[in-house]
Amino acid sequence: YTLGVLRKRNISTINAIRRLARHYGTEASMIGYGGLKDTYAVTWQFLTIPGRVDRYSDYDMEFTPHGMRLMPFGPREILGNAFRIVVYGFEDGEHLISSFLEACRSPTPAFFGEQRFGGVDMDTHTIGLLLLKRDYAGAIRRILQGKGVWYEELIRQKLSTGSDERAAIMSLPGYLTRLFINSYQASVFNRTLTALIERGKDLSEIGTGYVAVRDVYGLPARIIPCAQGGRRQGGKLIPVARLVGSEWHNTGSEFDSVQASVMQGDGIFVKDFADTSCGDIRGSFRPLYFLARNASANVSENRAVLEFELPRGMYATVLLRELLTTNRGKSP
């Protein structure tokens with residue numbers, strides 16, 4: 001595999017990968033990457049492409065090879081992401097900097113950002129819910145709402161050949177249908193965390209049934225079941241929750257009890273995550289909060305530059321929302 005860096009602007013990671021796959025004559029599923037980067041930003045990320053390939057450049061993206069490796073690149077190799085954000089139009093530079101640094105020092109709820117749900121459209125979790133219910137006709141109606149996404153045409157082509165709704169859904173790439181269901185899992189997490197915060201719960205004291213040993217990058221290095229409901233027991237232990245999935249079970253903790261209620265309201269059961277259109281969706285672990293690292297800020301006239309790093313899987317948009325709103329803790 002060729003290991004390189006993808007630089008892109010105003011294009012999603014998935015659409016960029018599809019374009020690279022067409023250019024290099026490979027399948028999009030064969031291109032390894034570590035995560036989905038913001039569409040409306042300038043982003044850099046590692047990719048692997050099968051075989052030895054040359055540099056590719058277009059008006060909104062560029063892939064630059066840096067070497068060869070034996071295995072495809074994957075999410076577990078990402079330790080975190082670094083952000084550089086330029087802010088204009090503020091009134092008080094000193095207040096902006098002090099508020100930003102305070103936000104970075106404070107635990108931020110580990111909500112999934114709106115990018116996880118399709119950005120402006122915010123409906124990928126709804127498609128995931130319909131897929132879990134095996135309501136393929138409903139999922140197709142939701143997809144075919146004329147939003148111009150690339151997979152609409154795949155569905156239309158399949159239906160035009162006389163295929164039924166299930167066959168049309170099965171024609172979509174597995175990574176895409178998994179993304180829909182992962183979005184539903186994220187929705188359950190966000191709604192659960194919101195409900196507990198609105199009850200006045202401190203992030204570090206919410207019982208989840210599990211704690212994790214935190215490594216130097218702020219990532220959960222080892223998951224420990226906790227009979228006491230997963231409360232923090234020291235500086236290196238943080239509460240983590242298991243996302244709903246085929247291996248999730250209600251531990252009786254505060255977090256799981258609310259998750260169970262959310263799923264019940266949606267009409268979803270644990271068994272629905274097994275043998276889906278994209279396989280078994282088990283459910284991973286996620287911290288309840290995160291801390292930014294290596295934060296810095298400087299102001300020059302009417303321009304401020306904010307820089308910080310976040311652990312893998314955490315969203316800069318969530319941190320910025322905590323900075324910009326006085327109503328802290330509500331779900332995106």
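Reading the values: rules and limits
- Residues numbered from 1 in each chain as written.
- Predicted model: local features only at pLDDT ≥ 70, side-chain atom pairs only at ≥ 80, totals over all residues.
- Heavy atoms only, no water.
- pLDDT = per-residue confidence, 0-100.
- Contact = heavy atoms within 4.5 Å.
- Pairing = 2+ DSSP bridges.
- Helix = DSSP H or I, 4+ residues; strand = E, 2+ residues; numbered from the N terminus.
- Axes fitted to C-alpha atoms, helices over the stretch in contact; angles between N-to-C directions.
- Buried < 20%, exposed > 50% of the residue type's maximum accessible area, 1.4 Å probe, protein only.
- Parallel < 35°, antiparallel > 145°, perpendicular 65-115°, else oblique.
- Left-handed = near helix turned anticlockwise from the far one by under 90°.
- Nonpolar A, V, L, I, M, F, W, Y, C, P; charged D, E, K, R; others polar.
- Phe/Tyr/Trp six-rings, centres within 6.5 Å; stacked < 30°, edge-to-face > 60°.
- Lys NZ or Arg CZ within 6 Å of the ring centre and 35° of its normal.
- Salt bridge = Lys/Arg side-chain N within 4 Å of Asp/Glu carboxyl O.

Enquirer: Is there a simple way to explain the confidence of the model for the protein in this structure?
Expert: Interpreting fine coordinate detail is not advised for predicted regions of low pLDDT. With 94% of its residues at a pLDDT of at least 70, the protein reaches an overall mean of 90. Considering only residues more than four positions removed or in separate chains, one finds that residues 228-234, a stretch of pLDDT under 50, has 21 contacts.

Enquirer: Please clarify how the sheet that holds strand β6 (residues 80-88) should be interpreted in this entry.
Expert: Sheet strands associate in pairs through backbone hydrogen bonding, adopting either a parallel or an antiparallel arrangement. The 3 strands lie next to each other as β6-β14-β13, forming an open sheet whose pairing is antiparallel. Only two strands of the sheet have a single neighbouring strand rather than two, namely β6 and β13 (293-300). Each strand of the sheet is rotated relative to its neighbour by a mean of 10°, with strand direction disregarded. Note: β13 against strand β14 (residues 303-311), 6 bridges, orientation antiparallel.

Enquirer: Mind showing me how you'd approach unusual backbone geometry here?
Expert: Generally, phi is negative for residues other than glycine and the peptide bonds are trans, each holding for most cases. The phi angle at Arg134 is positive, at roughly 60°, despite the residue not being glycine. Tracing the backbone through its elements, the reader meets Arg134 in the loop between α3 (124-132) and α4 (136-143). For Arg134, a relative accessible area of 30% translates into the label partly exposed. The backbone phi angle of Glu301 is positive, close to 55°, even though this residue is not glycine. Considering the arrangement of structural elements, one finds Glu301 in the loop between β13 and β14. A relative accessible area of 79% means that Glu301 is categorised as exposed.

Enquirer: I would appreciate a short explanation of the packing of helix α7 (residues 174-198) against helix α8 (residues 254-266) in the present structure.
Expert: Between two packed helices, what matters for the description is the angle formed by their axes and the separation of those axes. For the pair α7 and α8, the least separation of the axes is 9 Å and the interaxial angle reads 125°. Taken together, the axes of α7 and α8 are oblique relative to one another. For the crossing formed where α7 meets α8, the hand is right-handed. Facing α7, whose interface residues are Tyr184, Val188, Phe189, Arg191, Thr192, Leu193, Ala195 and Leu196, α8 presents Glu254, Phe255, Val258, Gln259, Val262, Met263 and Asp266. Looking at the contact of α7 with α8, its residues break down into 10 nonpolar, 2 polar and 3 charged.

Enquirer: What is the right way to read the packing of aromatic side chains from this model?
Expert: To describe a pair of aromatic rings, one takes the distance between the centres and the angle between the planes. Counted according to the given criterion, the structure contains 12 aromatic pairs. Where Tyr24 meets Phe63, the ring centres are 6.3 Å apart and the plane angle is 75°; that geometry is what we call edge-to-face. You can see Tyr24 sitting in helix α1 (residues 13-24) and its partner Phe63 sitting in strand β5 (residues 61-68), a full 39 residues away along the chain. Residue Tyr24 is classed as buried on the basis of its relative accessible area, which comes to 19%. Cluster of aromatic residues (ring-pair linked, three or more members): Phe112, Phe189, Phe255 and Tyr315. Positioned over the ring face of Trp150 is Arg18, at 3.9 Å from the centre of the ring. For Arg286, the ring lying beneath its charged end belongs to Phe112, and the centroid distance is 3.8 Å.

Enquirer: Hey, could you run me through the sheet that holds strand β2 (residues 32-33) in this one?
Expert: Here we have 5 strands laid out as an open sheet, ordered β2-β3-β1-β5-β4, and antiparallel in their pairing. What marks the edges here is a single partner per strand, and that holds for β2 and β4 (56-57). Where strand β1 (residues 2-9) and β5 come together, 7 bridges link them in antiparallel fashion. Across the sheet, the residue bridging to Thr2 is Met68, located in β5.

Enquirer: Would you explain the pattern of salt bridges in this entry?
Expert: Pairs can form between side chains of opposite charge whenever their charged atoms are close. Applying the stated criterion to the full structure yields 15 salt bridges. The partner of Arg19 in a salt bridge is Asp60, with the nearest N and O atoms 2.7 Å apart. With a gap of 41 residues between them, Arg19 in helix α1 and Asp60 in the loop between β4 and β5 connect regions that are remote in the sequence. For the pair Arg19 and Asp60, one class covers both residues: buried. Residues Glu247 and Arg282 are paired through a salt bridge, measuring 3.7 Å at the closest nitrogen-oxygen approach. Of this pair, Glu247 sits in the loop between β10 (237-242) and α8 while Arg282 sits in the loop between α8 and β11 (285-287), and the two are 35 residues apart along the sequence. Using a relative accessible area of 41% as the deciding quantity, one classes Glu247 as partly exposed. Taking the relative accessible area as the measure of exposure, Arg282 reaches 51% and is therefore exposed.

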